[in-house]
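Summary of structural features
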Amino acid sequence: MGVHTSTTLLVLIAVSRLAWLELSSAEEKCYSTHENVFCTLPELADAASTGSININPLHLVQGSNSMCRTFPNGPYRTADGTCNHVLNYGAANQPVKRLLPPAYGDFKGLDEPRTRDSTGQDLPSATLVSRTIHPNNSVVQGFTVLLMQWGQFLDHDITGSPITSEEDETIHCCGENGEVLPFALDRECFPILLDAEDTRFRGGCMEFARSVAARNPHGRKLAPREQVNALTSFIDASTVYGSSQELQDRLRSSFNGQLQARLRMTPGVDLLPDNEEENCIHRPGEHCFLAGDERVNEQSGLMAIHTLFARVHNNIVDGLELVRQRDSPEEIFQTARKIVGAIIQNIHYGEWLPIILGKAAMKRFQLNTGRGGNQRVEYNPYVDPRIANAFSTAAFRFGHSLIPDQFVIGTEAVPIRELFGQTRHIYDSFSDLLMAFSRPSGVGESGGAQTRDRFFTREITDHLFEVVPFAGLDLVALNIQRGRDHGLPPFNEYRKLCGLPVLRNFSDISDDLAQLYQSVYKSVDDIDLFSGLMSEPVEEEEGDGEGPLVGPTLTCLLGQQFHALKFGDRFFYETDRSEEGFTPAQLRNIRSITAAHVCCQEKSVVEVQANLFRAHNSTTNDFVPCARLRNRFINFELWRN
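Residues numbered from 1 in each chain as written. Predicted model: local features only at pLDDT ≥ 70, side-chain atom pairs only at ≥ 80, totals over all residues. Heavy atoms only, no water.

We now examine the state of the cysteines. Tallied over the full model, the rule gives six disulfides. The disulfide that involves Cys-280 links it to Cys-288, with 2.1 Å between the sulfurs. Since a negative S-S torsion denotes a left-handed disulfide, the Cys-280-Cys-288 link at about -95° is left-handed. The structure places no disulfide on Cys-599, whose sulfur is separated from the nearest cysteine sulfur, that of Cys-600, by 5.7 Å. When its relative accessible area of 4% is taken as the criterion, Cys-599 is described as buried. (Disulfide = S-S within 2.5 Å. Buried < 20%, exposed > 50% of the residue type's maximum accessible area, 1.4 Å probe, protein only.)

Here you go:
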């Protein structure tokens, strides 16, 4: 069934314990009893038309609380994503979806991490894979740091796997001397065991707790084990507003439609509100930040983009209040929230994704926007908008290879390790930090995003969240271990899923990698998904279009997920549904807004290049005065009552 099939969703009346939900263009139905919802989905085509890669129709069983009972047709999203889909797919705190059955390590394949290879022997240590296959080889390409930073910001909008804890306290799997603690594995631990050659860490143990296991309505773990997405799956600016009504209420001003801001003496530089948790590094009199996602304080660049969008929301509220004077603060807030979410979607699909996937994949997965035309998107309730486990746990972590060695902030080259948790740059040099995103120049050739390849800066493989010198974590090893924790099948299984030739031997990846992989893995069928995705060569596109930055398997996994988040989102900004969408004039306005327009909302920024993700080029990507872009931001007359 294609995405343009008529699929108007009708919710019919409930009779006693039986309520029917009928999809008007198909014979299949969903119905609910007092305990369960049963659905039979129609046969799905390939990813080019539905966003589901060769997935056979499934008989789904969900708890009754998973079904939306009201399914409102109002213009605004719920805070937690409920009632976007009739089965609440995509809502916060729901299990993620699988593209392939899990490959857990226990006999029944239900729960234990994947630890054995195809011969029954131990898989190589995740740090050994990191050190051997994914060393440092810093090469700056023609893209700005914002290419990386946007990916992290967007990732934190749609994916968040909570880690197991004990009474809200972090689980410790390793002792003070780096030894594995007794009974650690009984406490949802899966520590990374270090070999003698790995001298970066004390002892033989790196901390790693398993992701929280999803449970059924009766509190029992799902079998096979499944992980939870604590956030809404939809690209809905939940990084700005939160994925729960409780957090959204905390972030809002108590007397108007604005978000809370910590005012400073200098006009126009208000900051995010105080976070009650001390989860950052700050100077006396300063504070950690509260935002829609709890990871806001991870590093200075992320803090900056969170702060920028909070200010954009408040600027939009100011403009709306002038033309919608009869609206309540709630209506003003929700309208501004809807506009901000649409701007983020437009930047993501209109500017960022084309760079990552290339023109051919954008067309294949139907991801192009209607910029310059009247194209609208027809919502398809058969498309599952949930985040795929392989996407969140491996595929969308590809951006870690884009992370540079340092940010050039003003005239200071700051190593990435010195940005983790640090708030001082937000207080002292916010506009310089924004410029660090967009100017790949300044100190040597270190100001841009690194090449998307199998190499990673030592700032994240040796010094991640480093407190004691040379005792930081290894992000590549953590990614590989997380894939094993989630029972992700090996790389070859996903190539098969995507209709690509399987690797018969290590040289099928590339000749220069064959010996390295063979020194680590026993068989090409054992390669961890993340490692394989990062090592896969890019296939050049025919014609004069710019090719992708990623290989074919990664293109496949990213393409199907963002197709699902476009056609499976009832509130996607280009929707043809009048209640959830925008008027033609409003939509044209939103389609014209770029990342450069958003950056220029910071009034101290004087000029930016037209495409903020690409390096400045006087011929193809020249500088534009911010004064001009500010005047071409939101035309509030289009939103007048």
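Taking every second residue as pointing to the same face, both faces of strand S13 (residues 406-409) are buried, with Gln-406 and Val-408 on one and Phe-407 and Ile-409 on the other. Strand direction decides the pairing type here: S13 and strand S14 (residues 412-415), joined by four bridges, are antiparallel. Paired with Gln-406 across the strands is Pro-415, a residue of S14. The turn linking S13 back onto S14 is made up of two residues, and Gly-410 within it adopts a positive phi angle of 70°. (Helix = DSSP H or I, 4+ residues; strand = E, 2+ residues; numbered from the N terminus. Pairing = 2+ DSSP bridges.)

When two helices pack together, their arrangement is given by the angle between the helix axes and by the axis-to-axis distance. Look at helix H7 (residues 329-364) against helix H16 (residues 552-567): their axes get within 11 Å of each other, and the N-to-C directions meet at 140°. Overall, the two elements H7 and H16 adopt an arrangement that is oblique. The hand of the H7/H16 crossing is left-handed. Across from His-348, Tyr-349, Leu-353, Ile-356, Leu-357 and Ala-361 in H7, the residues of H16 making contact are Thr-555, Leu-558, Gly-559, Phe-562, Leu-565 and Lys-566. Grouping the amino acids of the contact of H7 with H16 by side-chain chemistry returns eight nonpolar, three polar and one charged. (Axes fitted to C-alpha atoms, helices over the stretch in contact; angles between N-to-C directions. Parallel < 35°, antiparallel > 145°, perpendicular 65-115°, else oblique. Left-handed = near helix turned anticlockwise from the far one by under 90°. Contact = heavy atoms within 4.5 Å. Nonpolar A, V, L, I, M, F, W, Y, C, P; charged D, E, K, R; others polar.)

Moving on, we come to helix H14 (residues 511-518). For H14, the full list of buried residues reads Leu-513, Ala-514 and Tyr-517. Along H14, the residues classed as buried sweep out an arc of 120° about the axis, all on the same side. Projecting away from the buried face of H14 at angles above 90 degrees are the exposed residues Asp-511, Asp-512 and Gln-515. As for H14, its buried residues are in contact with helix H2 (126-133) and helix H15 (529-535). (Arc of directions from axis to C-beta.)

Scanning the entire structure with this criterion turns up 27 salt bridges. Between Arg-252 and Glu-330 there is a salt bridge, with the nearest N and O atoms lying 2.7 Å from each other. Of this pair, Arg-252 sits in the loop between helix H5 (245-251) and helix H6 (300-323) while Glu-330 sits in helix H7; the two residues are 78 residues apart in sequence, bridging distant segments of the chain. Judged by its relative accessible area of 38%, Glu-330 falls in the partly exposed class. Through salt bridges with shared partners, a single network forms among Asp-111, Glu-188, Arg-210, Lys-221, Arg-225, Arg-482 and Asp-485. (Salt bridge = Lys/Arg side-chain N within 4 Å of Asp/Glu carboxyl O.)

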